[in-house]
Amino acid sequence: FIRKYIFRKTKTVADESTEDRIYSLDDFDDTLAIIKKVLWIVGLRLTLKDSDNARFWFSVFYWFETANILMAFTLQTMETIEDTKGASSFEDATTLFRMIPCIGFLPLAILKSYKITYYESMYENLINELRSMWPQGKVTEEEHTVISKALKQLRIVLKGYYWCNYALVISCVVPCYIIIIKNIFGKNEPGVLPFLWWVPFDPLQPIVFEIIVVIQTWHAILVMSFILSGDLLYFFFISHITTQFDLLSIKVNRFILVPTDQQLIDIYPLAIHYKNFKNKHSPLELVEMQNKKLCEAIHEKELLDIIVRHRTLIRLCKDVETIFSFSLLVSFLNSSVIICFSNFCCVVIEKWYEFMYKSFLSTTLCQTWLICWYGQKLLDSGERLSQSLYSCGWYWTSQKIKKNIHIMIHRSQRDVCVTTYGFTKICLASYTAIIKTSWSYFTLLVQTYKQ
Amino acid sequence: MMTKVKTQGLVTDLMPNIKLMQAAGHFLFNYHSDNSGMSMLLRKVYSSVHAVLIVVNYVCMAINMAQYSDEVNELTANTITVLFFAHSVIKLLFFALNSKSFYRTLAIWNQSNSHPLFTESDARYHQLALTKMRRLLYCICGVTVLSVASWVTLTFFGESVRFIANKETNETMTEPAPRLPLKAWYPFNTMSGTMYIAAFALQIYWLLFSMAIANLLDVMFCSWLIFACEQLQHLKAIMKPLMELSASLDTYRPNTAELFRASSTEKSEKVPDPVDLDIRGIYSTQQDFGITLRGAGGKLQTFGQPTPNNPNGLTQKQEMLARSAIKYWVERHKHVVRLVASIGDTYGTALLFHMLISTITLTLLAYQATKIDGVNVYAFSTLGYLTYTLGQVFHFCIFGNRLIEESSSVMEAAYSCQWYDGSEEAKTFVQIVCQQCQKAMSISGAKFFTVSLDLFASVLGAVVTYFMVLVQLK
């Protein structure tokens with residue numbers, strides 16, 4: 001009875017795995033779902049067919065939101081400048097430090113969403129091309145591993161990033177609402193605005209205060225959505241381009257068949273491909289494959305497909321670079337400033353049991369790390385392609401194919417990556433550089449503070 | 001009766017290292033001949049006991065550090081010691097969590113391909129690798145024992161005190177502390193008597209085993225790198241005869257049979273005298289068809305009719321040998337690349353942690369070094385810590401650097417053989433190999449940095465800069 005049960009269980013697991021290996025465009029569209037939600041708040045209509053009327057009203061909505069954010073930016077900057085003028089000692093300047101991160105985010109938000117409007121056709125083209133490359137139907141075991149892992153990671157990152165950003169905004173804004181609720185119940189606590197604005201009247205008057213709090217909450221959600229739209233699209237594109245590179249590597253590994261012997265023993269990867277091919281095809285086809293002319297024709301055709309796909313992926317990477325490089329540069333500068341100042345505030349101003357600056361510091365560190373990690377993934381997948389070009393059975397083909405493969409290896413050895421507007425490549429090594437620079441500015445600040 | 005455990009490949013080569021690691025208490029449970037439940041249980045108990053003792057004593061040291069954290073000098077000294085031994089705890093944990101990865105790397109070279117003409121060279125470089133690995137193991141074991149001995153000896157010199165900050169007057173006073181190698185909090189009084197001797201013995205054991213744990217794992221990593229480097233040397237050495245073989249496929253070359261003769265001296269793998277190349281027709285290649293294959297057993301059929309499209313009149317079998325030589329070379333190179341990739345995956349994170357902790361330790365040591373005021377116990381202990389930490393970093397940096405150099409010098413070897421005489425096939429082979437070897441194989445610490453002498457130079461430079469700056473500030 002036990003044996004039958006175990007046997008049945010393993011059979012269902014095996015059935016499930018072959019079921020899982022069938023992919024369709026729905027999987028691709030699923031990853032886009034959360035991004036579309038964010039874009040709806042922002043008012044940008046990517047990949048959606050609207051009537052001209054709807055398009056007009058949506059763009060009005062978008063520009064209205066942008067104007068709001070600009071207004072918030074000017075008001076905050078004015079308030080900060082006023083504060084700096086009035087600051088007599090270093091302690092007063094600490095309120096300045098509280099505002100700098102918030103001010104930094106506003107132009108970043110505008111920049112990111114502006115890029116989407118400016119390059120709309122490029123975005124749509126990227127999404128459509130990636131969609132057309134998505135594998136449909138049954139895939140092999142190797143491909144399934146690659147695709148499922150990438151999809152899982154992408155889902156976790158998109159959802160996690162989305163919810164973390166919301167949590168951050170809520171944690172900034174909720175204390176003010178708590179004070180409002182306390183005031184309703186009779187306690188007379190002075191109101192605290194989430195963000196400091198310069199306004200020509202007293203913001204702490206009873207009705208005006210509530211209105212301003214609501215407006216500031218809406219602004220915070222807007223800013224967060226703008227930034228989210230930029231970052232989530234970046235993760236989406238890089239993740240899919242990386243998956244396509246990996247699928248291409250798998251294809252390259254497989255397309256030349258080399259027979260096993262003493263020089264290519266059974267446990268080597270190429271020999272395993274040969275064994276799989278032998279299992280799947282009849283002996284007659286094996287004999288056919290010995291025919292050199294036939295082999296050459298097949299190899300040429302497959303190599304042509306591979307080269308065309310490689311060129312497409314390189315072009316898509318260049319597009320991603322064009323769209324994202326400047327906003328990523330501003331994002332990195334912003335992050336290093338924030339890390340420096342929050343670190344300073346954590347160490348010097350805050351007590352060890354308070355969490356506001358610590359959470360700011362950790363979220364900025366995580367956000368920069370995530371961007372660098374995705375950049376590193378892209379770099380790695382390009383390198384894996386160059387490795388797999390070498391590890392295919394190139395020595396077993398004709399001179400013509402060998403020369404083609406040689407040129408491909410040459411090109412694939414050059415890094416395929418996103419840069420920050422030409423300054424640095426986005427990878428984990430640049431992340432350490434950012435941390436080091438922030439750390440040195442932080443120590444400098446601490447030294448000046450001690451004096 | 002314990003039968004000899006049947007091992008192959010890297011495991012056989014690294015057996016002394018593996019046995020030492022098992023003795024030191026690493027969670028290494030494979031590669032025993034006797035795998036019965038009882039002995040496995042005993043081994044697991046042994047490792048767990050060691051792990052518990054090491055972690056408990058480490059925690060005692062940390063408690064001591066927290067207790068006496070008021071005075072700056074005392075705090076710095078204790079922090080350095082705690083960080084110093086953090087390596088052992090981390091490496092012990094790292095191996096326990098990652099042992100599958102280690103087993104996989106050790107099993108990568110269980111089987112490797114072979115070619116009748118190159119078995120000689122293969123065996124020779126394998127032997128070289130083995131000698132180097134053994135020598136490294138003995139050296140590091142010696143250094144470990146020497147360090148423990150000198151640590152214990154140094155305990156008996158100087159005052160056995162600790163620094164306390166007097167809260168009222170804000171100056172430092174000294175208070176007598178037990179004369180033990182390490183400052184740690186024990187629940188019993190260790191000032192004198194049997195408890196003192198027990199604590200001393202425990203600390204000697206602890207010093208030896210924790211240093212051994214950290215160093216043996218590093219030795220295993222470096223041994224893997226030595227092996228990979230010697231394999232690359234082998235590939236470089238057979239490049240020349242391979243070119244000759246390939247050239248013999250479609251250009252007339254005298255003395256081709258020399259190439260097919262696999263002998264033990266290196267001389268016969270050299271290119272025949274270039275003067276001979278101009279003298280055609282004098283040499284009768286008909287006679288030179290003897291092939292002796294070591295390892296493949298027996299002579300081949302050498303007297304078949306020479307194939308018409310082959311200018312040197314090689315038989316079918318000899319032609320196959322020449323073609324398969326390239327296949328052997330490329331597949332062996334790919335195997336080495338897989339080995340290096342596996343090494344990087346397995347040990348990269350451990351290297352990252354090591355470098356992080358070493359950076360902080362070296363920063364603090366630079367600060368301590370500015371307070372040296374004469375030849376005393378303090379000076380010796382600070383310099384000892386410095387040399388040991390820098391030595392650990394140097395140890396894996398130099399082998400990482402050697403790997404980078406070896407893998408990029410394959411291109412040199414390919415270029416310096418007579419590729420211009422070779423067949424078209426050989427030339428394309430050289431082209432692709434040169435292209436691939438331009439990007440050197442390297443080990444990275446989880447993608448954050450590359451292990452090379454550049455890393456060591458930057459670490460050393462940073463320490464010296466810090467030291468100079470601090471001396472200026474005093």
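Residues take numbers from 1 onward in each chain, read along the sequence in its written order. As they are written, the chains are lettered A onward and the ligands numbered 1 onward, keeping that order. Given that this is a predicted model, residues contribute local features only at a pLDDT of at least 70 and side-chain atom pairs are listed and counted only at 80 or more, while totals for whole chains, interfaces and linings are drawn from all residues. Heavy atoms from the whole structure form the basis of all side-chain values; hydrogens and water molecules are not counted.

As recorded by an unreviewed UniProt entry, chain B carries the name Odorant receptor and is attributed to Galleria mellonella. UniProt positions are given in the numbering used here, feature names are shortened, and annotations may be inferred rather than shown by experiment. What the UniProt record of chain B gives under Subcellular location (unreviewed entry) is the line "Cell membrane". Its UniProt record gives chain B the following Sequence similarities (unreviewed entry) comment, quoted word for word: "Belongs to the insect chemoreceptor superfamily. Heteromeric odorant receptor channel (TC 1.A.69) family. Orco subfamily."

As annotated in an unreviewed UniProt entry, chain A is Odorant receptor 13 from Galleria mellonella. Reading the Subcellular location (unreviewed entry) entry of the UniProt record for chain A gives the comment "Membrane".

Student: Looking at this model, I keep getting lost on the overall build of chain A. Mind explaining?
Tutor: Labels follow the DSSP assignment, with helices taken as runs of H or I lasting at least four residues and strands as runs of E lasting at least two, numbered in each case from the N terminus. Within chain A, the regular secondary structure consists of 13 helices and two strands. For chain A, the spread of C-alpha atoms along the three principal axes comes to 90 × 60 × 55 Å. The cut-offs for exposure are 20% and 50% of the maximum accessible area for each residue type, with area from a 1.4 Å probe on protein chains only; residues under the lower value are buried, those over the upper are exposed, and the others partly exposed. Buried positions account for 48% of the 451 residues belonging to chain A. Note on contacts: a residue pair is in contact if any heavy atoms of the two residues lie within 4.5 Å. Pairs at least 24 apart in sequence give 79% of the contacts found in chain A among residues at least 6 apart. Using a 1.4 Å probe, the Shrake-Rupley method yields the accessible areas, and only the shown protein chains count as cover for residues. Carbon and sulfur atoms make up 65% of the accessible area of chain A, which amounts to about 23,500 Å² in all.

Student: Got a minute to help me understand the UniProt feature "transmembrane region" (unreviewed entry) in chain A in this structure?
Tutor: In the numbering used here, UniProt assigns the "transmembrane region" (unreviewed entry) feature to residues 56–75, 95–114, 161–185 and 323–349 of chain A. Segment residues 56–75 of chain A splits into 100% helix and 0% strand. End C-alpha atoms: 29 Å apart.

Student: What should I look at first to understand the side chain of K327 of chain B in this one?
Tutor: Structurally, K327 of chain B is set in helix α10 (residues 316–369). In terms of polar contacts, K327 of chain B uses its side chain to reach the backbone carbonyl oxygen of P259 of chain A, at 2.8 Å. Under the rule applied, a polar contact is a pair of N or O atoms within 3.5 Å (in protein, one hydrogen donor and one hydrogen acceptor; residues adjacent in sequence only if both atoms are side-chain atoms).

Student: Is there a simple way to explain the UniProt feature "transmembrane region" (unreviewed entry) in chain B in this structure?
Tutor: Residue and element names in this part refer to chain B. In this structure's numbering, the residues bearing the UniProt feature "transmembrane region" (unreviewed entry) are residues 45–65, 77–97, 136–157, 195–217, 336–357, 377–399 and 448–469. Secondary structure across residues 195–217 comprises 100% helix and 0% strand; the distance between its end C-alpha atoms is 33 Å. Measuring from the first to the last C-alpha atom of residues 448–469 gives 27 Å, for a span that is 77% helix and 0% strand.

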